[in-house]
Amino acid sequence: MKQIKSICRLYWTPISILLVGCFLSPGALAQSTDSVKVVKVIVVNDSLKKPKKPFLQAPRAVRVGVNLFPPISTVLGSDFREYEVNGELLFGNKYILAGDFGISDIERGDVTNYTYEGQGTYLRIGLDYNNWFEDKTQTEAMLTIGFRYGLAFFQHALRYEGAATYWDPAFQGNLEESSLTANWLEVGGSLRVKLFDNLFIGPAAYITFILGTKETEELAINAIPAYGLNNNLRMRLGYHVLYQINWKKK
Amino acid sequence: MRNFLLFCFYSSPSSSLILSSVLLLGLVSCQENCTEDPNANLINLEFIARDDGEVLSLAVDVQGLDFTTGQPLDSLLFSQADTLSSFQLPISSLRDTVTFRFQGVITGAANPTLNEQLTLVYDRQVNIIEPECGVSESIFNLRNDTLSTTFPINDVMIVLNSLVNETNQVNLQIILDAN
């Protein structure tokens, strides 16, 4: 059949007449049927194809927990005392919507010359992508990358000893400012490993970029809850313990 | 790498906690240096000649005026016994304005008697760099209070409106008719 087709392509006009005669001749027709191969054509119905998975699957579980890193760093001598709770909403095994909320208490200084204090609350919200979602055997762990948007609401105060100058005698300075805000962006990732039934642990690391702070008058913002010292670029570490609650399957 | 991490966490979850603590210790040990001098609170003033723009060396009394009474303070900042080409004027950490009086004789000037008053206004903000560096004060947005200053307005020029601790950096220039 392939040979007939190829010959026809080259010599279409004369051969076409011959072929017509072949088909009209019973004998020739018998001979042509012997050389014709029957090809089965299967028409695939679109409905039989596997449906594409939606970009965002339905939520399958939620995780709640705490970040152990802030209290550990406080024990190790950090000026920040923070307590943070975390929540994660798992969309399938691919995307995780994450949120953190915490309270912060900051105290810095050398006691004799000055004391800087800050108190406030903060929250973060972001999205993570699980790099191991395609691994069907990998249901016990996640390696995620993602981002966080952070927002802090706080107040601060400074008490210090002012030295005598040409204009003023030695004095005790006392500055306070409230209703302060700061926002920042974090980029990084985390590891979630199943410890035992529904309990997950794992570290996290993020690079943080300050986006903006509220303008202050007399006292510059020195430390920001959840962000740290008021620098343009910082790094944040975390160690999370989370309990997973799966949606009940209908 | 992935299997190694999983092995660490499955076999010893505390190892990751220890690793994190080590990283934290590394961060805690990294401290900033005191790169800024916390005492940048002096206004660097120069007098320049009107005709050629050269810096003048003057022997004048410079004295601060009390904020409330307007009377001269007891002590002189500079006296006529010293001939100086630049004057470092202190600011106040408790107020946003300072006033100075300049008295003396200017050699070679058409009007040799100098008896003028200069009032400067500024913004200040307290900051903390590091615990070892202590509290520092930033002075910025320095400007001339034209209502109180007796020097001609156009003769007082703000060169740099923030205070830095560099002796060669001039903040303020005043033009005088002198040689």
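Residues numbered from 1 in each chain as written. Chains lettered and ligands numbered in written order. Predicted model: local features only at pLDDT ≥ 70, side-chain atom pairs only at ≥ 80, totals over all residues. Heavy atoms only, no water.

1. Remarks on the overall build of chain A
From N to C terminus, chain A includes four helices and 10 strands. Secondary structure elements of chain A, listed N to C terminal, follow the sequence α-α-α-β-α-β-β-β-β-β-β-β-β-β. The proportion of buried residues among the 250 residues of chain A is 40%. Of the contacts formed within chain A by residues at least 6 apart in sequence, a portion of 64% connects residues at least 24 apart. (Helix = DSSP H or I, 4+ residues; strand = E, 2+ residues; numbered from the N terminus. Buried < 20%, exposed > 50% of the residue type's maximum accessible area, 1.4 Å probe, protein only. Contact = heavy atoms within 4.5 Å.)

2. Observations regarding the sheet that holds strand S9 (residues 172-176) of chain B
Residue and element names in this part refer to chain B. Spatially, the four strands line up as an open sheet ordered S4-S1-S9-S8, and their pairing is mixed. Each edge of the open sheet carries a strand with a single partner, namely strand S4 (87-90) and strand S8 (156-158). Across the sheet, the mean angle from the axis of one strand to that of its neighbour is 30°, orientation sign disregarded. Bridging between S8 and S9 involves three bridges; their strand directions are antiparallel. Counted as the bridge partner of Met-157 is Gln-173 from S9. (Pairing = 2+ DSSP bridges. Axes fitted to C-alpha atoms, helices over the stretch in contact; angles between N-to-C directions.)

3. Quick look at the packing of aromatic side chains
Inspection of the entire model under this criterion finds 11 aromatic pairs over all chains. Between the aromatic rings of Tyr-166 of chain A and Trp-167 of chain A, the centroid separation amounts to 5.3 Å while the plane-to-plane angle is 85°, which identifies the pairing as edge-to-face. Each member of the pair, Tyr-166 of chain A as well as Trp-167 of chain A, carries the same accessibility label: buried. Measuring from ring centre to ring centre gives 5.6 Å for Phe-47 of chain B and Phe-102 of chain B, while their planes differ by 80°; the resulting arrangement is edge-to-face. Note that Phe-47 of chain B is positioned in strand S1 (residues 42-49) and Phe-102 of chain B in strand S5 (residues 97-105), a separation of 55 residues in sequence. Take Phe-47 of chain B: its relative accessible area is 0%, and that puts it in the buried class. Feature note: the residues Phe-47, Phe-78, Phe-87, Phe-102 and Phe-151 of chain B constitute an aromatic cluster, connected by ring pairs. Sitting over the ring of Phe-200 of chain A, Arg-63 of chain A keeps its end group 4.0 Å from the ring centre. (Phe/Tyr/Trp six-rings, centres within 6.5 Å; stacked < 30°, edge-to-face > 60°. Lys NZ or Arg CZ within 6 Å of the ring centre and 35° of its normal.)

4. Side note on the pairing of strand S4 (residues 114-130) of chain A
Residues and elements named next belong to chain A. Sheet topology note: the strand S3 (residues 95-109)/S4 ladder contains 15 bridges and is antiparallel. The residue bridging Gly-102 from the neighbouring strand is Tyr-122, located in S4. Bridge count between S4 and strand S5 (residues 141-162): 17 bridges; the pairing is antiparallel. In the sheet register, Tyr-122 faces S5, and the bridge partner there is Ala-152.

5. A short note on the pattern of salt bridges
All names here are of chain A. For the structure on display, the rule yields 16 salt bridges over all chains. Across the pair Arg-124 and Glu-186 runs a salt bridge, and its minimum N-O distance is 3.1 Å. Of this pair, Arg-124 sits in strand S4 while Glu-186 sits in strand S6 (residues 171-196); the two residues are 62 residues apart in sequence, bridging distant segments of the chain. Given a relative accessible area of 3%, Arg-124 falls into the buried group. (Salt bridge = Lys/Arg side-chain N within 4 Å of Asp/Glu carboxyl O.)

6. Observations concerning the pairing of strand S1 (residues 59-67) of chain A
Pairing analysis gives seven bridges linking S1 of chain A to strand S2 (residues 80-91) of chain A, with the strands arranged antiparallel. Along S2 of chain A, the bridge assignment pairs Arg-63 of chain A with Glu-88 of chain A.

7. Some details on the sheet that holds S5 of chain A
Residues and elements named next belong to chain A. One closed barrel holds the eight strands; their spatial order is S1-S2-S3-S4-S5-S6-S7-S10, and the pairing between them is antiparallel. Recorded for the sheet is a direction-independent mean angle of 25° between the axes of neighbouring strands. When S2 meets S3, the two strands line up antiparallel, connected through 12 bridges. Looking at the pairing, Phe-80 lines up with Ile-106 of S3.

8. Some thoughts on unusual backbone geometry
For Asn-198 of chain A, which is not glycine, the phi dihedral falls at a positive 65°. Following the sequence through the fold, Asn-198 of chain A ends up in the loop between S6 and strand S7 (199-213). Since its relative accessible area comes to 24%, Asn-198 of chain A is described here as partly exposed. Positioned with a positive phi, Asn-141 of chain B is a non-glycine residue whose angle comes to about 55°.

9. Overview of empty space enclosed by the protein
Residue and element names in this part refer to chain A. Here the structure, examined in full by the defined rule, presents three cavities of 30 Å³ or more. When its volume is computed, the largest cavity comes out at roughly 80 Å³. In terms of lining, the largest cavity is formed by Asn-86, Gly-87, Glu-88, Ala-98, Asp-100, Arg-148, Ser-190, Arg-192, Ala-204, Tyr-206, Arg-236 and His-240. Where the lining of the largest cavity is concerned, the elements lending two or more residues are S2, S3, S6, S7 and strand S10 (233-246). In terms of residue class, the lining of the largest cavity is made up of three nonpolar, four polar and five charged. (1 Å grid on protein atoms, 1.4 Å probe; cavity = no way out; pocket = protein on both sides within 12 Å on 5 of 7 lines; lining within 4 Å. Points joined across faces, edges and corners; volume = space filled by probe spheres on them. Nonpolar A, V, L, I, M, F, W, Y, C, P; charged D, E, K, R; others polar.)

10. Observations concerning the environment of Asn-41 of chain B
Residue and element names in this part refer to chain B. Structurally, the position occupied by Asn-41 is in the loop between helix H2 (13-29) and S1. Each C-alpha atom of the pair Asn-41 and Leu-89 lies 8.4 Å from the other, and the pair is 48 residues apart in sequence. For Asn-41, the residues in contact, after removing those within four places along its chain, are Leu-89, Pro-90, Ile-91 and Leu-163.

11. Details of the confidence of the model for chain A
Of all residues in chain A, 75% have pLDDT values of 70 or greater, and the mean over the chain is 83. Note on residues 15-33 of chain A: pLDDT under 50 across the span, and eight contacts to partners over four residues away in sequence or across chains. (pLDDT = per-residue confidence, 0-100.)

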